[in-house]
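Understanding the architecture of this molecule
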Amino acid sequence: MRVLILGGTREARALAELLVHDGDEVVTSLAGRVARPRLPVGEVRIGGFGGIDGLADHVRGNAVDAVVDATHPFAEQISANAAAASEQAGVPLLRLERPGWSERDDAAMWHWVDDHDEAARVAAALGKRPFLTVGRQSLHRFVEPLRSHACVVRVVDPPEIALPSAWTLVQSRGPYTLEHEREAMSDTDVLVTKDSGGSHTEAKLDVAGERGIPVVVVRRASGQAGVSVVRDAADARAWVRARSGR
Ligand code: NAP
């Protein structure tokens, strides 16, 4: 099978490893946003396709047998493009998306919001020193509502925008331990996060619970209609195997 994995996540790397082991030809596609990405095994291509038509052309031109959209739960544009392009090219598409954190016992106590603008407003009312873990690309939505708050902002790569002088920038990449997060959050009073899910960045939620600080969580958008979804790389591999007849 020639499989195109839309990647940029831990699950995508895990799937590439499983499929390469099975003998599939695997190409993982990365957007190219991160300066030093963690690379999967197998072939890698980097950069956008040029929208739906570009992705459909790529799929046809490279004789791709199946596409697995294993992009981040909040990378919504590429998932929409993958659904439309796979239909256009007539190849099967699977969505591999890790579970969010809504099943945790403490999730009912969090402030769930629909988007980053609402997250910024709610955080501004709840605290004076928010810990913003929403990703570099969303930060501009927080600048005005939180300009005078003493935010601690954690990102992997430096933001392209100028941050307010009251904010502190921390550049790091997970996974994070409980001890690390206790230190990182010691001077913050509200946690702001997306419902990204996964264990690598989950410790901050435990620390917020320990310290009794409020948590603001941006909900995931609903997925693409008609696209099958699995939650882990093992199930995605089973889907590929079912298509390859072995
Ligand atoms: P996005 O808004 O959904 O996508 C914007 C454009 O970036 C797409 O239209 C596509 O360009 C290109 N693109 C995105 N993912 C691609 C991929 N895997 N391969 C080739 N092109 C891709 O995406 P985003 O939120 O900027 O995220 C970019 C990448 O970072 C994703 O692949 C995702 O897995 C990873 N990531 C995102 C987040 C997050 O919070 N958003 C967190 C961690 C990792 P064209 O239309 O030109 O094809």
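No experiment lies behind these values; they were computed from the predicted model shown.

Moving on, we get to the nonpolar core. Leu-132, Phe-142, Trp-167 and Val-192 are the most contacted members of the largest nonpolar core, which totals 19 residues. Top contributing element to this core by residue count: helix 4 (residues 116–126), with three residues. Those residues in contact with Leu-132, other than ones at most four positions away along the chain, are Leu-139, Phe-142, Leu-146, Cys-151, Val-152, Val-153, Arg-154, Trp-167 and Val-192. Core analysis: the next-biggest nonpolar cluster, separate from the first, contains 17 residues, Ile-5, Ala-16, Ala-66 and Trp-239 among them.

The next point concerns the side chain of Glu-97. Within the secondary structure, Glu-97 is located in the loop between strand 5 (93–96) and strand 6 (111–113). On the basis of relative accessible area, Glu-97 is assigned to the buried category, the value being 16%. Looking at Glu-97, its side chain comes within polar contact range of the side chain of Arg-220, at 3.2 Å. Leaving out residues up to four positions away in the same chain, Glu-97 has contacts with Pro-73, Arg-220, Val-229, Val-230 and Arg-231.

Pairing within the open sheet is parallel, and its six strands lie in the order 6-11-10-7-8-9. The sheet terminates laterally at strand 6 and strand 9 (168–171), the two strands that pair on one side only. Across this sheet, the average inter-strand angle for adjacent strands is 20 degrees, counted without regard to direction. Across four bridges, strand 8 (residues 152–155) lies against strand 9 in parallel orientation. Residue pairing across strands places Val-152 opposite Thr-168, the latter belonging to strand 9. On top of the sheet, helix 4 reaches strand 6, strand 10 (190–194) and strand 11 (215–218); it is set at about 175 degrees to strand 11, its chief contact. Contacts between helix 7 (residues 203–211) and the sheet are confined to strand 7 (130–133), strand 8, strand 10 and strand 11, with strand 10 contributing the most and set at about 155 degrees to the helix.

The rules behind the values
Each chain has its residues counted from 1, running along the sequence as written. Two thresholds apply to this predicted model, a pLDDT of at least 70 for residue-level local features and 80 or more for giving and counting side-chain atom pairs, whereas whole-chain, interface and lining totals are computed over all residues. Water and hydrogen atoms were dropped before computing side-chain values, which therefore reflect all heavy atoms in the structure. Take the buried residues of types Ala, Val, Leu, Ile, Met, Phe, Trp, Tyr and Cys, join any two whose side-chain atoms come within 4.5 Å, and each joined set is a nonpolar core. Type-normalised accessible area, obtained with a 1.4 Å probe on protein chains alone, sets the label of each residue: buried when under 20%, exposed when over 50%, and partly exposed for intermediate values. In this description a helix means any DSSP run of H or I spanning at least four residues, a strand means any run of E spanning at least two, and both kinds are numbered starting from the N terminus. Throughout, a contact is declared for two residues whenever any of their heavy atoms are within 4.5 Å. Distance and chemistry together define a polar contact, namely a pair of N or O atoms within 3.5 Å, with one atom able to donate a hydrogen and the other to accept it when in protein, and with adjacent residues in sequence counting only for side-chain atoms on both sides. Here, a strand pair is defined by DSSP locating no fewer than two bridges between the strands. Axes here refer to lines fitted to C-alpha atoms; in helices the fit is confined to the stretch in contact. Angles between the N-to-C directions go from 0 to 180 degrees.

Any link to function would need more than the numbers given here.
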